[in-house]
Amino acid sequence: MVPVRALVWVFHMALPLLGLWLLVARPQADVHWHDPLGHFYLIVAVALVNLVIGVMVSAAAHRRHDARLFLVSLAFVASAGFFVLHGLATPQVLVEHPNLGFELAQPVGLAFAAVFAVASSLPLDGRRGAAILRARHIFWGELAVILALWGVVSLLDMPPLSDQPDPAVEDAWLVWLAPVSVALLLVAAVRYFLLYRRQPSAMLISVITAFVLLAEAMVTVVLADKWALSWWQWHVLLALAFGFVGYSAFVQYRREGSSAGLFDGLALDQTIRAVRAEYSAALEELVSALAERERDGTGDIGPVAAGLGERFGLTERQTAVLERAAQALSAEREVSRRLGTLFRHYLSPDVAAALIADPDQAALGGSVVEVTALFADLRGFTTFSEAAGPAEIVAMLNRYHGVAVPCILDNGGTVVQFVGDALLALFNAPARQPDHALRAVRAATQMRHAVDEIAAGHPDWPRFRIGVNTGPALVGNIGSDQLRGFNAMGDAVNVAARLQTMADPGQIVIGESTWRSTHTQVPVEPLGDLTVKGRTGLVRAYAVQVRQ
């Protein structure tokens, strides 16, 4: 079911186009309002707001070394720059007569913004993003040269921008500028929406809204009658697009008291990971100062708090509050240590992050979600335990789990539980992953390879066998008011456990649903229809082949 909030958003986005249709369909309502001076001041004011946003996003891009933020800043600055040029060329203000520069500046600016917007929505982690950042001065220089040349030619009343507006010339420009720009902006909005579903952020919603409004403004530019209400409408749409992002930034600034992280919601995954690491390092620095002060009385919280305030853009008042809070927490250092380490270590990072972000998620209950479950245990563990001492058993388990768990976490999985020599991991819960089946199989194959390397030096140690299956499961918090745990229940999970018991040591057995969900990208050997304990129907299974 589509959320009511989404329907309200779509309704508000459709209202401007409905208003445009009414004005175009009823020309008598599309009254003219010829106010060059008012138009000039409106454009300058809106463009300045947009320029400030672009500069702020650019500063964030420089601070975070983030290619996406850099391209978003170019989109805002390009649209703001051409919007200013459109305003400066307003007839009867700085340029005496109607001119082509006035007519074409904003469509061209929206086209530039559309290109940068869709480029910013593409995958930019790794080399591609690094290449864009290396060329950032070239991007800025070329954009500045284009804006400067356009401004000089327009304000000095030089051809071709000084030419009288010709509908045929305008139509020739708009016939390819408008459809391409609208399509690019909508593609960018859709891609950012997919990003929003993965990592919700108020700033992402505001940027999605801005891109949709810019696309609607381009449509209005094409259909509107000059100096009529429909023509003024696209100016209002641009003001709303820029103002919405600016308002979101202002609200976030009021809430957080700092401008350092205003646009982090737009950042690339690698940037978000780096920011989290920076915050963790800052917390560790503060905790270390507290520990030193408690241990021998030499730790000074003041300089540490001041350094953190400068690093994260905190005000003096916020820095003072941080220092007082740190001092107050000195007596609770053991609790802080447990929250900072034990909580992380005893919960899968995704579950811990979800609970920290929203403690209400710890409530009992759950929802049905399609997941891929990965079960793994050690074949022959009982026999090994009879002959080995407790220390050797623990050392063996820790060695195996020490390489198995990173394989799961690196592929986005959530380790739900350890039961003796066995472990259960989920993919697509709590974080959503369209390719969760492929991630699970990839994690399983990496586990097999890592465990094989360890087992090569310990021929007497047992080996992992792994079962993977995909299907709906009830995912959530199961237990009591006093003690609960994140888990998954359902036939899909049970089948994964049964497939694991049917696997040979070092073998990975997957269900047909998993293989189909990987779009048959995984090389397998069919095992046929298997009889699974506790299930009346047969289960078609496959053994994942070892790549040579």
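Novice: Is there a simple way to explain the pattern of salt bridges in this structure?
Specialist: Charged atoms that come close allow side chains of opposite charge to pair. Here the structure, examined in full by the defined rule, presents seven salt bridges. We note a salt bridge from lysine 226 to glutamate 103, for which the minimum N-O separation is 2.7 Å. In this pair, lysine 226 sits in the loop between helix H8 (202-223) and helix H9 (229-256) while glutamate 103 sits in helix H4 (residues 100-120), placing the two residues 123 residues apart along the sequence. A salt bridge links arginine 463 to aspartate 452, with the shortest nitrogen-to-oxygen separation between them at 2.4 Å. One end of the pair, arginine 463, is in strand S4 (residues 463-479); the other, aspartate 452, is in helix H17 (residues 436-456), and 11 residues separate them in sequence. For arginine 463, a relative accessible area of 26% translates into the label partly exposed. Relative accessible area serves as the criterion here: at 29%, aspartate 452 is assigned to the partly exposed category. Residues joined in a network through salt bridges with shared partners are Glu512, Arg516, Asp529 and Arg540.

Novice: Would you mind showing me how to read the packing of aromatic side chains here?
Specialist: The description of two aromatic rings rests on the distance between their centres and on the angle between their planes. Scanning all chains against the criterion turns up 18 aromatic pairs. Between tyrosine 400 and tryptophan 461 the ring centres are 5.7 Å apart and the planes differ by 80°, which places this aromatic pair in the edge-to-face class. Of this pair, tyrosine 400 sits in helix H16 (residues 390-410) while tryptophan 461 is found in the loop between H17 and S4, placing the two residues 61 residues apart along the sequence. Overall, tyrosine 400 belongs to the buried group, its relative accessible area being 0%. Tryptophan 461 sits in the buried class, given a relative accessible area of 8%. Three or more aromatic residues joined by ring pairs form one cluster here, namely Trp33, Phe83, Phe102, Trp227, Trp231, Trp232, Trp234 and Phe242.

Novice: In this structure, what is going on with the nonpolar core? I would like to understand it.
Specialist: For soluble globular proteins, the rule of thumb is that nonpolar side chains tend to be buried together. With 81 residues, the main nonpolar core has Phe211 and Phe263 as its most contacted residues. Contributing elements (two or more residues each) for this core: helix H2 (36-64), helix H3 (67-88), H4, helix H5 (127-134), helix H6 (136-155), helix H7 (167-198), H8 and H9. Each residue touching phenylalanine 263, except ones within four places of it in the same chain, is listed here: Met56, Val57, Ala60, Leu69, Met203 and Ala249. Counting residues in each nonpolar core, the second largest holds 37 residues, with Leu374, Ile393, Phe464 and Val468 among its members.

Novice: Before we go on, may I ask you to explain the packing of helix H1 (residues 4-25) against H8 in this structure?
Specialist: Running from N to C, H1 and H8 cross one another at 10°; their axes reach a closest spacing of 11 Å. One element, H1, and the other, H8, form an angle in the roughly parallel class. Note on element contacts: H8 touches H1 through Ile208, Thr209, Val212, Leu213, Glu216, Val219, Thr220 and Leu223, opposite Trp9, Met13, Ala14, Pro16, Leu17, Leu20 and Val24. Residue composition of the contact of H1 with H8, grouped by class: 12 nonpolar, two polar and one charged.

Novice: Help me understand the confidence of the model for the protein chain in this model?
Specialist: Reading predicted coordinates in detail is not appropriate for stretches of low pLDDT. The predicted model of the protein chain averages 82 in pLDDT, with 80% of residues at 70 or higher. When mean pLDDT is taken per element in the protein chain, strand S6 (residues 508-511) scores highest with 95 and helix H13 (residues 333-346) scores lowest with 43.

Procedures and definitions
- Residues numbered from 1 in each chain as written.
- Predicted model: local features only at pLDDT ≥ 70, side-chain atom pairs only at ≥ 80, totals over all residues.
- Heavy atoms only, no water.
- Salt bridge = Lys/Arg side-chain N within 4 Å of Asp/Glu carboxyl O.
- Helix = DSSP H or I, 4+ residues; strand = E, 2+ residues; numbered from the N terminus.
- Buried < 20%, exposed > 50% of the residue type's maximum accessible area, 1.4 Å probe, protein only.
- Phe/Tyr/Trp six-rings, centres within 6.5 Å; stacked < 30°, edge-to-face > 60°.
- Core = buried A, V, L, I, M, F, W, Y, C linked by side-chain atoms within 4.5 Å.
- Contact = heavy atoms within 4.5 Å.
- Axes fitted to C-alpha atoms, helices over the stretch in contact; angles between N-to-C directions.
- Parallel < 35°, antiparallel > 145°, perpendicular 65-115°, else oblique.
- Nonpolar A, V, L, I, M, F, W, Y, C, P; charged D, E, K, R; others polar.
- pLDDT = per-residue confidence, 0-100.

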